[in-house]
Structure formats: C-alpha cells, structure tokens
Amino acid sequence: SYSLSKILYLRSHRPEIYKKTEHILLMGDHLYHKLGGGYVTDYSMASRTMLFDVHQKRWDPWLLEKTGVEAALFSRPVQGGSVIGEVSRAVAERLSLPRKTWLVMGGHDQPVAAVASRGGHGYTMCSMGTSECITPILQKPLSGSHVLACGHPNEPFMEPDVYNTLAYNVTSGLLTEWAAKVFTKKEREQGRQAYQILEREMPKKPTRILVLPYLHGSGTPYLDAEARLSMLGLDEADRRGDIYRGILEGLCMDQKLNIEKLGADRLEPAGLLVTGGSSRSQAWLQIKADVLERPIHRLECAQAGALGCAILCAAALKIYPSLKEAAGAMVQVGTAVEPRKEESQIYREKYEIYKTL
C-alpha cells in the first residue's frame, strides 16, 4: 500500500537500485510471476499504489507523468477473479501439483474476504482481527468529496464495474490484546485464558465509560496518526471488567461512526457477516449488535480470505455459473446475534455523547 511514496523514496535515496529496476511487483504479482503467470496484478491491489485510475482501470497517465514513474515498470492490471494462465510445468512438478493447474487472479484481502458476503443473503462483511474493517459493496463509487472528507476509498471489487469501500479501526484486536496483557498478567502466568476472564467479569449492562479506541492512530473517518487511547467516566468503583467492556463498546461506537458517515443505506439489510479471531467472542458480538442496532452473523469458516479465493476459483472455472451462486453454495453462516431494545436505547444516548469527543 502507498507504493508511490516508497518508489519515490527509493529513487531519491537509492538511485543505483532504482536505475537497475526492471519491474516493480506487488506481493501477489511476484507470486504469480514465480508460478508462471507473467507480470499481472488485479485492480484492487493496483488501486492501493496511488498510481491507478479506479474508474478507467488503468495506470493513470497524469499521475505517472507528474511523478516521473514509468508505466512499463508495473504489471498488467486485470479483473480480480479472472483466469490469467497456468502454473508452469517446472513449478507444477516441483510443487507436486497437477500438470494443468490454473492461475486465478485474487486481490486485496478485504474485498476477497467480502466475496463470501455475495451469496444473495444481503450481508456486509466485517473482518475482526488485529484491525477491524467493514467492507460495504458499492454499485457506484463514492463521491470524491466524501473520499477526501472521510478517507473511505473507492476500490474495484471482484466483480466487473462493482466497487467496495473500507471503514476500519487499525488497532481493534490489538487494543483488546493490550487490555488482556495489562489486566491479566498474573492469570496468564498461570496459563489461564485472559479474554474469558475479562468477559466473565464484565457487567451485564452498558457502562458509563467512554473510550476513544485508538491505541496508536485512528483509521477512518479521521485517519489521524496522532490519535491515542482515551478513557472517560471512570471512578473508584470500576474494575478491569468494567474497563474491558468500555473498550469493546468504544470499538463498536467507532464502527457506528463510520457507518453514519458512509450512510447506513450502504450496508446490506441482513446485517454484518463477521469473521476473524475476535468474532469468536459472543460477548463482543452482542455489544456490536446492540450498538449498531443490526443483526450480527458469524461466518462458519474461520479463514474468510481463503474461502473468498476458493469462491473466485470456482466461479472462474465455471464450477458455478456466477460469483453469487458460488458464494451461495459455499458459504455457511451461524445463528444471528440480534440487537436488544433496552441496551440499544442506552447506547443510542451514549453515542450522542461519544460523537462530541
């Protein structure tokens, strides 16, 4: 990501390397090239370089001219989910693959994972890992003014002429990991499960604690690298369980803010489809449902990115007639966590205070 800045740095500080450079490859491009697929990238990854026209689906001539970077250095951009060739015979033999193994273009991890939400059920994907990202699918791109104001990008999706955006907190799972390390040091030394301890000690009802959940910098809609974790409303009666619940509430408030800035109508009506390590926490999912006032569904497959790649391959090789039919057949979803009226009303009032912070 932000490849242009790195390229210009390399050209300025290591010109002897830049002058010898024949190709500049993203990680996926490098893998495809080594497997025998030539120099190819997908639209979603290309859009993260700062040099790609997401509307015309090409390396942007104006940006290339202004920055003095040669278009020939970059891989040929193609639609994610398209067949781009075969694994070379030598590589197939070395890796014990079938002689005829197709190469199908993948893409950026978030939209590839969001492929699992395309099965016709009306979900929006939410990845809950070290960072947390909601990936709404857009039939038309966001306006330039919205992108500038909120930082939600326009990224070409895995279907032609469809886009996605990203609404994210960069330290979501990292923040809960920090809390576990700080508050459960003794228990962890005894081999006990930190997160389960904190969740058991959480109060059953919403807290009055307000947390700005930015451990080191915020994601969208502020993109403020200087933002830091802040807690308000604590007193001597509060314990680690109260603080931990306050942290989970703050993370959900941050998502609610992103949804409000995006417009709630840009999310699918059936609710969020969650994946990632943090999605295993039933307590967190219930708070999320209450704060966001929408159902939360858990993806049964623990590896949404790998599942998305499998769906792309199944559709590309016509095992299923379309991406949506492949996703509909291959995705399994758990029972929904539904929002609760009383808690949602409390969080609605709390959110109005949260926004002023």
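Since this is a predicted model, take the numbers as computed values, not measurements. (Residues numbered from 1 in each chain as written. Predicted model: local features only at pLDDT ≥ 70, side-chain atom pairs only at ≥ 80, totals over all residues. Heavy atoms only, no water.)

Hey, could you run me through the layout of surface pockets in this one?
Leftover empty space is mapped by rolling, across the atoms, a probe with the size of a water molecule. Each pocket or cavity is described by its volume, and for the largest pocket that value is around 960 Å³. In terms of lining residues, the largest pocket is bounded by 28 residues, among which Tyr2, Ser47, Gly151, Pro153 and Asn154 are the most central. Of all the secondary structure elements, the ones that give two or more residues to the lining of the largest pocket are β2 (52-53) and α8 (144-150). Across the lining of the largest pocket, the residue classes break down as 15 nonpolar, 10 polar and 3 charged. (1 Å grid on protein atoms, 1.4 Å probe; cavity = no way out; pocket = protein on both sides within 12 Å on 5 of 7 lines; lining within 4 Å. Points joined across faces, edges and corners; volume = space filled by probe spheres on them. Helix = DSSP H or I, 4+ residues; strand = E, 2+ residues; numbered from the N terminus. Nonpolar A, V, L, I, M, F, W, Y, C, P; charged D, E, K, R; others polar.)

So what exactly am I meant to see when it comes to unusual backbone geometry here?
Negative phi is the rule for most residues except glycine; trans is the rule for most peptide bonds. A cis geometry characterises the amide bond from Thr220 onward to Pro221, with omega recorded as 0°. Here the phi dihedral of Met50 falls at roughly 80°; this positive angle occurs in a residue that is not glycine. Take Met50: it is sitting in the loop between α4 (43-46) and β2. You can call Met50 partly exposed: its relative accessible area is 38%. Positive phi, close to 60°, is recorded for Asp161, a residue that is not glycine. (Buried < 20%, exposed > 50% of the residue type's maximum accessible area, 1.4 Å probe, protein only.)

Could you clarify how one ought to interpret the sheet that holds strand β9 (residues 137-138) in this entry?
Where strands meet in a sheet, backbone hydrogen bonds hold them as pairs that are either parallel or antiparallel. Strand order in the open sheet formed by 3 strands is β9-β11-β10, with antiparallel pairing between adjacent strands. Two strands lie at the open edges of the sheet, namely β9 and β10 (155-156), each paired on one side alone. As judged from the 2 bridges shared by β10 and strand β11 (residues 163-164), these two strands associate in the antiparallel manner. Bridge assignment links Pro156 to a residue of β11, and that residue is Tyr163. (Pairing = 2+ DSSP bridges.)

Help me understand the nonpolar core in this model?
Counting 58 residues, the largest nonpolar core has Val69, Phe74 and Leu272 as the members making the most contacts within it. Ranked by residues supplied to this core, first place goes to helix α12 (residues 240-262) with 10 residues. Those residues within four positions of Leu272 in sequence are excluded, and the remaining contacts are Thr124, Cys126, Ile134, Gln255, Leu267, Lys288, Leu292, Arg294, Pro295, Ile296 and His297. Formed by 23 residues, the second largest nonpolar core is a distinct cluster that contains Ala114, Ala116, Met158 and Ala315. (Core = buried A, V, L, I, M, F, W, Y, C linked by side-chain atoms within 4.5 Å. Contact = heavy atoms within 4.5 Å.)

How should I be thinking about the sheet that holds strand β8 (residues 132-135) in this particular structure?
An order of β12-β8-β7-β15-β16 is seen for the 5 strands of this open sheet, with the pairing classed as mixed. Single-partner strands in this sheet number two, and they are β12 (167-169) and β16 (296-298). When strand polarity is set aside, the average angle formed by the axes of neighbouring strands in this sheet is 20°. Strand direction decides the pairing type here: strand β7 (residues 124-128) and strand β15 (residues 272-275), joined by 4 bridges, are parallel. When the sheet's bridge partners are listed, Ser127 is paired in β15 with Thr275. Contacting β7, β8, β12 and β15, α12 runs over the sheet at an angle of about 155° to β12. (Axes fitted to C-alpha atoms, helices over the stretch in contact; angles between N-to-C directions.)

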